Amino acid sequence: MSSIKHCLLLLLLRQSNDLSFITSTHSKLIKSGSLYSSLSVSNHLLSSYIRCGQIRNAHNLFDEMPHTNVVSWTSLMSGYVNANQPNKSIALFRLMYLDGTRPNSYTFATVINACSRLANFNLGQQIHAQIEIYGLGSDTVVCTSLIDMYGKSDGVLYARKVFDKMTDKNVISWGSIISVYAQNACCHAAIELFNDFFHIGIPNQFIFSSIVNACASIGKLGLGRPIHGKIIKHGHESNDFISSALIDMYAKCGNFDDSKKVFDKIKRPSIVEYTSMIISASKYGLAKYALNLFNQMISQKQNPNSVTLLAILHACSHAGLVNTGIYHLTSMKSLYNINPSAKHYTCVVDMLGRAGRLDEAYNLTKQVRAEGQDKLMIWSTLMSACWTHKRLDLVAEAGERVREFERDVGGAMVVMSSAYFSAGEWKNAESVRREMRRKGIKKEVGCSWVD
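As a starting point, this report considers the structure included with it. As the structure is a prediction and not an experimental result, all values here were calculated from the model. (Residues numbered from 1 in each chain as written. Predicted model: local features only at pLDDT ≥ 70, side-chain atom pairs only at ≥ 80, totals over all residues. Heavy atoms only, no water.)

## Section: the overall build of the protein
Within the protein, the regular secondary structure consists of 27 helices and 0 strands. Relative to its 451 residues, the protein shows a buried fraction of 48%. Sequence separation of at least 24 residues holds for 60% of the intrachain contacts in the protein that already meet a minimum separation of 6. Accessible area for the protein stands at about 23000 Å²; split by element, carbon and sulfur atoms hold 52% of it. (Helix = DSSP H or I, 4+ residues; strand = E, 2+ residues; numbered from the N terminus. Buried < 20%, exposed > 50% of the residue type's maximum accessible area, 1.4 Å probe, protein only. Contact = heavy atoms within 4.5 Å. Areas by Shrake-Rupley, 256 points an atom, 1.4 Å probe, with all protein chains shown as cover.)

Quick look at the structure:
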């Protein structure tokens, strides 16, 4: 293959998202016998398959390559991360080590991203130790990935240590650490870091979105409004995620009118902004408005996602629109190709319970296949409804399901005890309280964050 044809082919592969072109090019290269004559051609073909989401074809090509290098290994690892198969990416990293190929900063960033997807703190620490051995502990790309991984693995202090050791911080690394604090309920620290960065750099859309979410989480409208002003000044108000965060912030701070003003200024709302506004409306009990938004969104050929439908179910539940809510639940799969999750079913159980239709709520709860926290939530929801309507028979059965769990059951156990007390069954009520004391179970105290 001439050097001109070689360069042209690499350019076409680098720019192409057309799977038919990529597969036909692959066939031509095999027939001409030039596929494996150049490692750069093989690597570009590999990357092209990954870019089109064809991870199996990419892996088959990788296995057929007589020679590979760090680019080949890293590309395939990245493909598995993007395909939401982080375990396979980690397995490839181990095979790469056995193969004797030396990882670079992008390899380590990729495998750390895989650990981040798995929220695997211990494995992340092990790879962090290898990063230090390879002398990449101050690399900006690697450190930014480490910050994100520790943040998603409940290692906020470790994330901060990595950030503080960085010698070359950029807007992406600042955004990562601010996001870590915001997502781990350390919102005051996130705001403090944002103010520090604002004196030395210009925030990007990601940073603005994170800090608005931080203000929303702690109900700090006094801090949120000036940040909204900075967003307008820097021309980011039209960004989907920022406008969605602003809608959420104003709603959580008790100012639904300002949420609506932000939404009404958007010329063509996306699914993200529609969903945020529907969630806000449902929290304020504005079911009719939420349903109107939903219908408007559908009329504009924007299909809802799982979160949008959950918000609609919440709106129907709090407004007593049981039949409408059941319609949306049962039509999720047929209309939008979305399988209802345990959260959707829990919302409908709450809806039926509020309406006093407890037998239907009970039958639905029994039908749902849920595990872990999802199972605890749906049975706790049923128990609360049964307590409200004095159905002790169902309270007792729900209580037995809740007792299977060791954590986060304080609220449900208090409900069960209160139900027995209200029915005059003092012995059963005291038995539940005694069990709580024996296991050290306490109900979390409620609070309000709005300024």
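## Side note on unusual backbone geometry
Excluding glycine, residues mostly have negative phi values, and the peptide bonds linking residues are mostly trans. Even without a glycine there, the phi angle at Asn84 is positive, about 60°. Here Asn84 shows up in the loop between α5 (70-82) and α6 (86-99). A relative accessible area of 55% means that Asn84 is categorised as exposed. Unusually for a residue other than glycine, Asn337 sits at a positive phi of about 60°. Among the structural elements, Asn337 can be located in the loop between α21 (332-336) and α22 (342-354).

## What about the pattern of salt bridges?
Using the criterion set out here, one finds 11 salt bridges in the structure. Measuring nitrogen to oxygen at the nearest pair gives 3.0 Å for the salt bridge that ties Asp164 to Arg160. Separated by 4 residues within a single helix, Asp164 and Arg160 lie in helix α10 (residues 156-165), roughly one turn from each other. Among the residues examined, Asp164 registers a relative accessible area of 47% and is labelled partly exposed. Taking the relative accessible area as the measure of exposure, Arg160 reaches 27% and is therefore partly exposed. Among the ionic contacts, a cluster of salt bridges with common partners joins Arg225, Asp258 and Lys261. (Salt bridge = Lys/Arg side-chain N within 4 Å of Asp/Glu carboxyl O.)

## Thoughts on the side chain of Thr110
By the element assignment, Thr110 lies in helix α7 (residues 105-118). Among the residues examined, Thr110 registers a relative accessible area of 10% and is labelled buried. Look past the residues within four positions of Thr110 in its chain and what remains in contact with it is Thr74, Met77, Ser78, Val81 and Ser89.

## Here's the deal with the environment of Ala355
For Ala355, the position within the fold is in the loop between α22 and α23 (358-367). Taking the C-alpha atoms as reference points, Ala355 and Leu321, 34 residues apart in sequence, are found 9.1 Å from one another.

## Here we look at the nonpolar core
Counting residues in each nonpolar core, the largest one holds 120 residues, and the members touching the most others are Ile211 and Met249. Once residues within four sequence positions are removed from consideration, Ile211 is found in contact with Ile178, Ala190, Ile191, Phe194 and Ile227. (Core = buried A, V, L, I, M, F, W, Y, C linked by side-chain atoms within 4.5 Å.)

## Focus on a nonpolar patch on the surface
Among the surface-exposed residues, Leu95, Tyr97 and Leu98 lie close enough to one another that they form a single nonpolar patch of about 380 Å² accessible area. Checked against the element boundaries, Leu95 lands in helix α6. Assessed through its relative accessible area of 47%, Leu95 is described here as partly exposed. (Patch = residues over 30% accessible without salt bridge, like charges linked within 9 Å, V, L, I, M, F, W, Y side chains within 5 Å.)

## Observations concerning the packing of aromatic side chains
Under the counting rule described, the total for this entry stands at 14 aromatic pairs. Ring geometry for Phe62 against Trp73: centres 4.9 Å apart, planes inclined by 75°, an arrangement best described as edge-to-face. Of this pair, Phe62 sits in helix α4 (residues 55-64) while Trp73 sits in helix α5, and the two are 11 residues apart along the sequence. Both rings, one in Phe263 and one in Tyr274, keep their centres 5.5 Å apart while their planes meet at 65°; by these two values the pair is edge-to-face. Of the two residues, Phe263 sits in helix α16 (residues 256-264) while Tyr274 sits in helix α17 (residues 271-283), which places them 11 residues apart along the sequence. On the basis of relative accessibility, which here comes to 5%, the residue Phe263 falls in the buried class. When the ring centre of Phe163 is taken as reference, the NZ or CZ atom of Lys169 above it lies at 5.0 Å. Positioned above the aromatic ring of Phe198, the side-chain terminus of Lys230 is 5.1 Å from the ring centre. (Phe/Tyr/Trp six-rings, centres within 6.5 Å; stacked < 30°, edge-to-face > 60°. Lys NZ or Arg CZ within 6 Å of the ring centre and 35° of its normal.)

## A closer look at the packing of helix α15 (residues 240-252) against α17
Two numbers describe how α15 lies on α17: the axes approach to 8 Å, and their chain directions differ by 5°. The orientation of α15 relative to α17 falls into the category roughly parallel. Every residue of α17 that contacts α15 at Asp240, Phe241, Ser243, Ser244, Ile247, Asp248, Ala251 and Lys252 is listed here: Val272, Glu273, Ser276, Met277, Ser280 and Lys283. Its residues placed into classes, the contact of α15 with α17 shows 5 nonpolar, 4 polar and 5 charged. (Axes fitted to C-alpha atoms, helices over the stretch in contact; angles between N-to-C directions. Parallel < 35°, antiparallel > 145°, perpendicular 65-115°, else oblique. Nonpolar A, V, L, I, M, F, W, Y, C, P; charged D, E, K, R; others polar.)

## Quick look at α16
Count 3.6 residues to each turn of an α-helix, and residues three or four apart come out pointing the same way. Considered for burial, the residues of α16 that qualify are Phe256, Asp258, Ser259, Val262 and Phe263. All buried residues of α16 lie within an arc of 160° about the axis, which places them on one face of the element. Seen from the open side of α16, the exposed residues pointing more than 90 degrees away from its buried face are Asp257 and Lys261. Along its buried surface, α16 packs onto α14 (221-233), α15, α17 and α18 (287-299). (Arc of directions from axis to C-beta.)

## Here we look at the state of the cysteines
Under the counting rule described, the total for this entry stands at 0 disulfides. Cysteine Cys215 remains unbridged, with the sulfur of Cys253 as its closest cysteine sulfur at 7.6 Å. Overall, Cys215 belongs to the buried group, its relative accessible area being 0%. No disulfide involves Cys347; its nearest neighbouring cysteine sulfur is the one of Cys316, lying 8.3 Å away. (Disulfide = S-S within 2.5 Å.)

## Here we look at the side chain of Ser116
Tracing the chain through its elements places Ser116 in helix α7. For Ser116, the contacting residues outside a window of four places in its chain are Asp148, Met149 and Lys152.

## Quick look at the packing of helix α11 (residues 171-183) against helix α12 (residues 187-198)
Contact geometry for α11 and α12: axes closest at 7 Å, N-to-C directions at 160°. Taken together, the axis directions place α11 and α12 in an arrangement best described as roughly antiparallel. For the pair α11 and α12, the sense of crossing is left-handed. Of α12, the residues touching α11 (which contributes Val171, Trp174, Ile177, Ile178, Tyr181 and Ala182) are Cys187, Ala189, Ala190, Leu193, Phe194, Asp196 and Phe197. Tallied by class, the residues present in the contact of α11 with α12 amount to 12 nonpolar, no polar and 1 charged. (Left-handed = near helix turned anticlockwise from the far one by under 90°.)

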